Structure formats: structure tokens, C-alpha cells
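The lines below spell out each chain.
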Amino acid sequence: MTVTSAAPGRRVRTRHRPPDHGTGPEPAVLTVVRAGPAASVQDLGRPGMAHLGVPASGPADRRSFRLANRLAGNPEDTPALEVTLGGLAITLSATRHVAVTGAPAPLTVDGVPVDGAPRLWLRAGSVLAVGRPWAGCRTYLAVSGGLEAEPVLGSASRDFLTGLGPDPLRAGAEYGLGPARPVPAIPLELAFSVVPCGGPATVRFRWGPRHELFDAADRHRLTTTPWRVSAQCDRVGARLTGPPLAIGSVDLPSEGTVRGAIQVPPSGEPIVFLADHPVTGGYPVIGVVTDADIDLVGQTLPGDELRLAPIL
């Protein structure tokens, strides 16, 4: 799986901690102890910027991200952490509720395993660590009050395609926290997201806008092949492996693309665009995964089986 690594290093100064003007108590701070292979700050992104060449970005699994914030008592678009393949460890300077959703992963506090509850009370100075998920790949961590990260073009999301937004997490980085919020009485059994669990994941899509460039055999192959997610997958998109479609060479002007677009390059192996996808592309888009199902693709791992089901 292709991920963007945050280089380990010394304790770093960041822009995220609010200045101390010498009045009132010290602001609450989240400190990154270990960053893991690919962890980033996300909010719900910067939609409406495609005409400037800027993707919407935001979490790869929006449902799990929103749920983490709801459990922490935050508005759904509050900046939080997206953790890919685990490896994150954080500590807080103030006791807060912390919510963990998305890909289920082992959690420890000060080295002691904690149960699978998606919300916990983390005491100041304790270290919460997120291990490698046993299903899916992206886990979301929200803190009551939310992270205070500097917005770029109206969003605190890290976009790995353009480089916009806060830097990827690094050990020693500090992020200010907003005022603590009361957590809602949400039944915890509703707090678990649907992620792939080793079996085939079926996602729905709609044909178009360029499906008529493909013959009937190709369209049938797209919908009947048990595609596998390749190692070429990240927040930009997931390349699928299987019997290639026979599109050949097609001369198309660049066209706008959206999250969920199923683009077919000359190799014939489809690519499903995710959160940091390019806003234009010159290869034909045979269909678009539904908005309700694209979050599931964002949780797939290399080797996972993926089936594409057309909405007729």
C-alpha cells in the first residue's frame, strides 16, 4: 500500500498551538508521541474549489470521521486525526473524552490494553496508542473540543496530492485543543463503522459519463470480475487488478472528475478515485461509485476483493 510517510525527527515547533499571552490557564494541547506511517489532520474538506484545481480532500471515510466527532461532542466538521495502518500515539495536557472510530484497532493507554469502546476518558499525561487495524486501514481519533489547526483555503484537511493543509503528523508536534464539550448520550453500539472484514466488498456505481466507449463485453467484465485492490492505493485512489478492459488508446480532452469516479487508463485496470483525487483527467470514466459506498473503498487494503454493482 502506498502511503506518504511523515519523517520521524526531533520535537518540532508548529503553528498549531495557540499563543500564550500570559493570562488565564495554559491552553490544552495534544502532543504526538509517535506518528505512525501516515497520519494527518482532516476536517470535512474544501469543496467547491475544483475550478482552482484544488480537490475537496477531507477524510477518506467520512462516515467514520463524522461519527468520531459526534461521539466527542464536536460539530461533524471539527478537525480530527486520520490514522492509516495504526502506529499513532498521543498524549493530552488536559483530561478529555477521546473517540476512536473507523477501522477497528487495538488501543492501549500507558501500555495497558483497553476494551473496544469507541469513546474513552483519557487522563492528562497518559499515552493513548492506536495499533494496526485488524480490518480496514483508516482509524479516526477525535478529542472533545477538537484540534486547532491552521486552515488553508477554508479547511484544515491535509491534501496529499497538492500538499495543502497542515503538515503530516510528526513526533513531537503539538496541536491546541478547543474548549471541552459535553459528550452526547449516543448508544455506543451505533458507533462502529462498516469496514471490509476480509470478505468481498460490494460497492454500487452508476454508469457514465463515458461508458459508451466500452463495448458490452468490457461492461460485463467490469461488473462480474472479483477485482482486487492493488498495492497502488492511497488517498488519491485505489487501482484494481484483474482482467483488463480492452479500451485501448482513446483520445479525450481532459474532463472534470469527482470522488468515486472509476477511471480506466490505457492499462485497462480501473482506478477508483478517493478523497485527494485530481480534479481533471484525460482517461475515460466508465462509472461513478455512489456517495453512500465510496467510504467503503477508502477502507480497503491491498489484496481486498472488490465487486462493482451497477445501479440500473
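Just so we're clear, the structure is a prediction, and the values are computed from it rather than from any experiment.

Chemist: Before we move on, can you summarise the pattern of salt bridges with the specific residues and values?
Modeler: In this structure the tally under the stated criterion is 11 salt bridges. Two residues, R62 and D291, come together in a salt bridge whose shortest N-O distance is 3.0 Å. Taken together, the residues R62 in helix α1 (residues 62-71) and D291 in the loop between β20 (285-289) and α3 (294-297) connect sequence positions 229 residues apart. On the accessibility criterion, R62 (13% relative accessible area) is buried. Here E305 ties to R228 by a salt bridge, and the two come within 3.4 Å at their closest N and O atoms. Remark: R228 occurs in strand β14 (residues 227-233) and E305 occurs in strand β21 (residues 305-310); sequence separation between them is 77 residues. For E305, a relative accessible area of 13% gives the class buried. We classify R228 as partly exposed; its relative accessible area is 38%.

Chemist: So what's going on with the packing of aromatic side chains? Which residues, and what values?
Modeler: Between two aromatic rings, the relevant description is the distance of the centres plus the angle of the planes. Considering all chains together, one arrives at two aromatic pairs under this definition. Pairing F65 with Y140 gives two aromatic rings, centres 6.1 Å apart and planes at 90 degrees, and the pair type is edge-to-face. Residue F65 is found in helix α1, and its partner Y140 is found in strand β10 (residues 138-143); the two are separated by 75 residues along the sequence. Judged by its relative accessible area of 0%, F65 is buried. Judged by relative accessible area, which is 0%, Y140 ranks as buried. Taking 4.9 Å as the distance between ring centres and 80 degrees as the angle between the ring planes, the aromatic pair formed by F205 and W207 counts as edge-to-face. For F205, a relative accessible area of 0% gives the class buried. The ring of F160 is capped by R158, whose NZ or CZ atom sits 5.6 Å from the centre of that ring.

Conventions and cut-offs
Residues numbered from 1 in each chain as written. Predicted model: local features only at pLDDT ≥ 70, side-chain atom pairs only at ≥ 80, totals over all residues. Heavy atoms only, no water. Salt bridge = Lys/Arg side-chain N within 4 Å of Asp/Glu carboxyl O. Helix = DSSP H or I, 4+ residues; strand = E, 2+ residues; numbered from the N terminus. Buried < 20%, exposed > 50% of the residue type's maximum accessible area, 1.4 Å probe, protein only. Phe/Tyr/Trp six-rings, centres within 6.5 Å; stacked < 30°, edge-to-face > 60°. Lys NZ or Arg CZ within 6 Å of the ring centre and 35° of its normal.

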